[in-house]
Amino acid sequence: MSHHHPIRKAAVLGAGVMGAQIAAHLVNAGVDTLLFELPAKEGKPNDLVNAAVKRLSKLKPSPLGSREIGRLLQPCNYDQHLELLSGCDLIIEAIAERMDWKQDLYEKIAPHINDQAWIASNTSGLSMSVLADALPQALRSRFCGVHFFNPPRYMKLVELIPHAGTNPAMLDQLETFLTTFVGKGVVRAKDTPNFIGNRVGVFSMLATMYHTSEFGLGFDIVDKLTGPAIKRPKSATYRTADVVGLDTMQHVISTMQNTLPDDPWKQYYQVPETLGKLVEAGALGQKSGAGFYRKEGKVIKVLDAASSEYRQSDAQLSDEIQGIVKERDPVKKMAALRAGNSPEAQFMWAMFRDLFHYCAYHLGEIADSAREVDQAMRWGYGWGLGPFETWQASGWQQVTEWLQEDIATGKSMSDAPLPAWVTDGRDGVHTPQGSYSAADDQLQARSALAVYRRQLQPELLIGEQPVAGKVIEQDEHWRLWTQANHDDVLILSFLSKMHSISDGVIEGIQRGVALAEQAYRGLVICQDSEPFCVGADLQGALQLAVNDDMDGLRSMIDGFQQAVMRLKYAQVPTVAAVRGMALGGGCEIVMQCSRAVAAFESYIGLVEVGVGLLPGGGGLKELAIRSVENTKAGDSFPLLQQYYQQVAMGKVAGSALEAKAFGYLTERDIVVMNPDEILHTAITQVRSMHDAGYRPPLSNASWPAAGDVGVATLKMMLANMLEGHFISEHDLEIGSRVARVICGGEIDRGTMINEQWLLQLEQDNFLALTQLDKTRQRIEHMLKTGKPLRN
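Residues numbered from 1 in each chain as written. Predicted model: local features only at pLDDT ≥ 70, side-chain atom pairs only at ≥ 80, totals over all residues. Heavy atoms only, no water.

**Student:** Even after reading the chapter, I still don't get the overall build of the protein chain, so can you show me in this structure?
**Tutor:** Counting secondary structure elements, the protein chain contains 30 helices and 23 strands. Its C-alpha atoms give the protein chain a radius of gyration of 28 Å, near enough to 28 Å, the size a compact globule of 791 residues would have. Oriented by its inertia axes, the alpha-carbon framework of the protein chain measures out at about 80 × 65 × 55 Å. By residue count, 56% of the 791 residues in the protein chain fall in the buried class. The contacts of the protein chain with a sequence gap of at least 6 include a subset with a gap of at least 24, amounting to 71%. When the accessible surface of the protein chain is split by element, carbon and sulfur atoms take 52% of a total near 33,400 Å². Of note, the protein chain has its 75 positive side-chain charges centred 3 Å away from the centre of its 92 negative side-chain charges. (Helix = DSSP H or I, 4+ residues; strand = E, 2+ residues; numbered from the N terminus. Rg over C-alpha atoms; globule rule 2.2 N^0.38 Å. Buried < 20%, exposed > 50% of the residue type's maximum accessible area, 1.4 Å probe, protein only. Contact = heavy atoms within 4.5 Å. Areas by Shrake-Rupley, 256 points an atom, 1.4 Å probe, with all protein chains shown as cover. Lys, Arg positive; Asp, Glu negative; His and termini not counted. Charge placed at Lys NZ, Arg CZ, Asp CG, Glu CD.)

**Student:** How do you make sense of the pairing of strand E19 (residues 574-583) when you look at a structure like this?
**Tutor:** Two faces, one strand: in a regular strand the side chains alternate between the faces of the sheet. Among the ten residues of E19, eight are classified as buried, and the element is accordingly described as predominantly covered. Pairing analysis gives four bridges linking strand E18 (residues 522-526) to E19, with the strands arranged parallel. Residue pairing in the sheet places Cys526 in a bridge with Ala577 of E19. In this structure, E19 lies alongside strand E20 (residues 595-605), joined through eight bridges in parallel fashion. Bridging from a neighbouring strand, Met581 pairs with Tyr603 of E20. (Pairing = 2+ DSSP bridges.)

**Student:** Got a minute to help me understand the pairing of strand E7 (residues 157-161) in this structure?
**Tutor:** Burial of E7 is extensive: five of the five residues sit out of reach of the surface. The side-chain alternation of E7 yields two buried faces, one formed by Leu157, Glu159 and Ile161 and the other by Val158 and Leu160. Note that E7 and strand E8 (residues 185-188) share four bridges and pair parallel. By the bridge assignment for E8, Leu157 is matched with Gly185. Taken together, E7, helix H7 (residues 168-181) and E8 form a β-α-β motif whose crossover is right-handed. (Right-handed = clockwise from strand over helix to strand, strands pointing away.)

**Student:** Looking at this structure, I do not really get helix H23 (residues 619-629). What am I missing?
**Tutor:** For an α-helix the count is 3.6 residues per turn, leaving residues at separations of three or four pointing the same way. Most of H23 sits inside the fold, with nine of its eleven residues counted as buried. Every buried residue belonging to H23 is among Gly619, Leu620, Lys621, Glu622, Leu623, Ala624, Ile625, Arg626 and Ser627, and all of these are buried. As for H23, its buried residues are in contact with helix H21 (550-568), helix H22 (585-592), helix H24 (637-648), strand E22 (702-704), helix H28 (729-742) and helix H29 (755-770).

**Student:** Would you mind going over the environment of Ser529 with me for this structure?
**Tutor:** Counting through the fold element by element, Ser529 comes out in the loop between E18 and helix H20 (538-546). Considered as a pair, Ser529 and Asp676 are 147 residues apart in the sequence and their alpha carbons are 9.8 Å apart.

**Student:** Sorry, what's going on with the side chain of Arg232 here?
**Tutor:** The residue Arg232 is located in the loop between helix H9 (219-225) and helix H10 (238-244) in this model. With no salt bridge to any partner, buried Arg232 finds its closest opposite charge in Asp374, at an N-O distance of 9.4 Å. What Arg232 contacts, discounting residues up to four positions off in sequence, is Ser204, Thr226, Gly227, Phe352, Leu355, Gly382 and Trp383. (Salt bridge = Lys/Arg side-chain N within 4 Å of Asp/Glu carboxyl O.)

**Student:** Which parts of the structure should I look at to understand the packing of aromatic side chains?
**Tutor:** Any aromatic ring pair is given by two values, namely how distant the centres are and how the planes are angled relative to each other. All told, the structure shown has 21 aromatic pairs when counted by the stated rule. With centroids separated by 6.4 Å and ring planes inclined at 65 degrees, the aromatic side chains of Phe149 and Tyr381 adopt a geometry described as edge-to-face. Of this pair, Phe149 sits in the loop between strand E6 (143-148) and E7 while Tyr381 sits in helix H16 (residues 370-381), and the two are 232 residues apart along the sequence. Among the aromatic residues, those joined into a cluster by ring pairs are Phe352, Phe356, Phe388, Trp391, Trp396, Trp421 and Tyr436. Positioned above the aromatic ring of Trp383 is the side chain of Arg232, whose terminal nitrogen or guanidinium carbon lies 3.5 Å from the ring centre. Over the aromatic face of Tyr436 sits the side chain of Arg426, whose NZ or CZ is 4.1 Å from the ring centroid. (Phe/Tyr/Trp six-rings, centres within 6.5 Å; stacked < 30°, edge-to-face > 60°. Lys NZ or Arg CZ within 6 Å of the ring centre and 35° of its normal.)

**Student:** What am I meant to see in the nonpolar core here?
**Tutor:** One broad trend across soluble globular proteins is that nonpolar side chains are buried collectively. Counting residues in each nonpolar core, the largest one holds 110 residues, and the members touching the most others are Phe36, Phe292, Leu337, Leu363, Phe388, Trp391 and Trp421. Per element, the largest residue contribution to this core is 13 residues, and it comes from helix H15 (residues 343-366). Ile589, Val741, Leu758 and Leu769 belong to the second largest nonpolar core, which has 83 residues in total. (Core = buried A, V, L, I, M, F, W, Y, C linked by side-chain atoms within 4.5 Å.)

**Student:** Can you help me understand the side chain of Glu372 in this one?
**Tutor:** Note that Glu372 resides in helix H16. Buried charge without a salt bridge: Glu372, with Arg371 as the nearest opposite-charge side chain at an N-O distance of 4.3 Å. Only 2.6 Å separates the side chain of Glu372 from the side chain of Ser369, close enough to count as a polar contact. Those residues in contact with Glu372, other than ones at most four positions away along the chain, are Val187, Arg188, Ile196 and Ala367. (Polar contact = N/O pair within 3.5 Å; in protein donor to acceptor, adjacent residues only side chain to side chain.)

**Student:** Teacher, can you tell me more about the pattern of salt bridges here?
**Tutor:** Here the idea is simple: oppositely charged side chains can pair when their charged atoms come close. What the rule picks out here adds up to 49 salt bridges. Across the pair Lys277 and Glu273 runs a salt bridge whose closest N-O atoms are separated by 3.5 Å. Placement of both Lys277 and Glu273 in helix H12 (residues 273-280) is noted, with a separation of four residues, approximately one turn of the helix. What makes Glu273 exposed here is its relative accessible area of 59%.

**Student:** Please explain the sheet that holds strand E14 (residues 442-444) as it appears in this structure.
**Tutor:** Pairing between the strands of a sheet is mediated by backbone hydrogen bonds and can be parallel or antiparallel. Spatially, three strands are ordered E12-E13-E14 in an open sheet, and the strand pairing comes out antiparallel. Lying at the two open borders of the sheet, with one neighbouring strand each, are strand E12 (430-431) and E14.

Okay, structure coming up:
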């Protein structure tokens with residue numbers, strides 16, 4: 001192991017939008033963090049930084065993993081607290097993009113930095129070598145760029161940018177820290193303007209805007225074509241510009257104009273006319289209420305470029321383009337766009353063509369290989385496929401021929417020739433051996449850093465080869481398998497849609513435990529992709545209810561209860577490896593495994609009331625038990641009441657940290673920052689529990705019930721909510737039944753009850769609810785629309 005550089009404390013300089021959120025996310029990750037801002041001119045010196053921390057709790061989506069995070073951030077100002085920097089091992093500068101301001105700040109902090117600390121700038125495009133020159137010679141080798149994307153908690157990308165003098169060992173250690181401890185996807189970029197993500201991303205937006213006006217399309221039409229239709233975020237192009245802020249867009253474009261004088265596309269690095277007009281008029285996008293779109297009450301209107309008025313957005317796509325967008329085969333799809341007659345098809349071909357042309361031309365200069373470009377676009381812009389992957393999937397050689405034609409006939413935005421490597425007979429840039437590096441003219445394998453051995457199922461690009469696991473047993477509902485080099489731990493993956501729980505999946509759980517007990521150290525439940533599990537297969541349940549098949553329903557719920565109890569009482573440890581949503585029955589599986597390993601971005605909750613049901617797979621039983629176990633002293637009813645409210649309102653924890661506060665995860669459960677590391681961590685957990693002589697819990701424990709007194713208290717709360725019109729009559733019915741179960745029924749308070757008693761109550765009340773029309777309407781509505789019905 002190389003010399004390890006511990007990061008005991010970090011400091012973030014600059015409490016603007018990015019700085020404050022980066023600091024908050026470091027605290028999410030368990031790093032002691034100081035946040036610095038200018039001292040306030042009036043009032044208390046810390047007023048500015050305190051206001052910035054306060055603003056964090058209002059942002060959506062929330063940068064804070066739990067309510068405490070804001071309080072744990074240490075606010076500082078440059079007048080009083082500079083000497084505290086000497087105790088920091090990582091210092092991230094995130095002040096405004098002004099070279100002179102950054103240089104002044106570096107001079108100010110230099111005397112206070114210890115001789116082990118790393119210094120990094122979160123600049124989105126200023127030159128690292130120029131910034132490094134502002135530091136004293138002794139600090140330069142410990143300086144580099146660390147560029148987070150907004151919002152930093154949720155965007156996976158961090159660009160790591162060395163300058164010529166950066167110490168390579170520091171880069172490796174910083175990459176390891178950012179990957180495991182901050183949970184990021186690190187892409188190393190060369191020190192060129194706007195690095196990789198914004199260089200390609202902003203060009204892509206400019207090209208899209210250019211072609212929008214060339215083909216005379218509406219902004220809303222373009223957003224329909226450049227969002228999920230091509231595996232990109234819903235905010236597509238113009239909505240994204242509104243969210244980023246049109247003034248910010250303008251600034252980034254002018255940076256490109258000033259810093260890329262020799263770029264063949266430089267004539268397009270200009271603020272598009274409509275965008276310029278909007279900024280002049282103070283319409284800066286979302287933050288000012290209007291940009292390319294304007295919200296009027298509930299209605300979202302779109303700007304009409306010709307009339308400069310906002311109109312109803314009723315984007316209708318032509319039949320031709322609708323057919324092309326539905327095409328599954330990427331080769332046929334690209335060919336259809338190229339051959340299309342409609343302005344939409346021609347627009348999309350032009351947009352892809354110029355993006356491919358640009359990326360190929362600049363690859364050698366901006367990135368170590370094509371992998372970095374595609375990962376940057378996936379992780380920093382939320383694209384489902386990077387530009388090179390899209391090209392490769394669409395048929396590299398055919399698309400290349402079309403590019404050459406369009407460049408020769410002057411259709412392309414630039415007449416710059418394609419680099420020779422594009423046309424040397426290759427079929428793409430990503431192969432099982434590595435990805436093409438234009439700078440070195442060879443394939444480059446993935447990073448050999450030890451940290452990547454923790455990612456047993458890394459996100460692969462098109463053309464890369466997955467490391468196949470060994471299948472032990474499978475059918476159409478589930479797969480039992482082992483990971484290469486880890487054949488002592490059995491892994492169960494669900495194969496159902498959204499990993500929902502059907503009878504087949506329930507059989508898989510039983511089979512997995514049986515097999516693990518026979519021949520393995522333990523069982524891990526881990527899915528191939530997010531979500532972990534969205535709960536019961538509602539379609540099947542509705543079918544049984546509509547047919548009044550009570551026996552079928554009872555055997556379904558009974559089968560699920562038996563399966564989760566099997567997980568809890570297995571003779572070997574069972575570990576749930578969670579990322580993304582674990583809802584309803586998914587949450588109940590997590591709660592009843594011996595342990596959970598949850599990615600920080602796990603969203604766990606019991607949401608059954610939304611479909612008119614109650615948790616019937618041990619979720620209420622576990623909360624009743626945990627209210628007693630998690631109460632340090634005194635009466636456990638207040639905690640039970642909190643747990644009850646979460647279920648009655650169908651609340652989902654916004655992070656794994658919050659899930660601990662909600663009681664869905666226990667103190668023993670492990671939170672992992674990087675979702676790609678959950679399988680590795682789950683396997684190591686199984687081994688350590690097994691090696692410590694694992695025994696399941698004793699099965700005959702009992703607890704005092706909250707009983708009739710508890711039920712009455714919870715029902716009072718419901719009655720008040722009904723009176724205030726916060727809930728409906730049907731909500732009251734469901735809520736009363738949840739209260740009855742979680743309190744152990746209408747029995748004397750303090751009566752000792754056991755698990756079987758609570759499971760029976762869950763079953764009876766669950767079945768009673770399936771008989772109600774209003775519950776059936778809720779289930780149908782959820783299946784049709786994916787949204788809960790309030791009836």
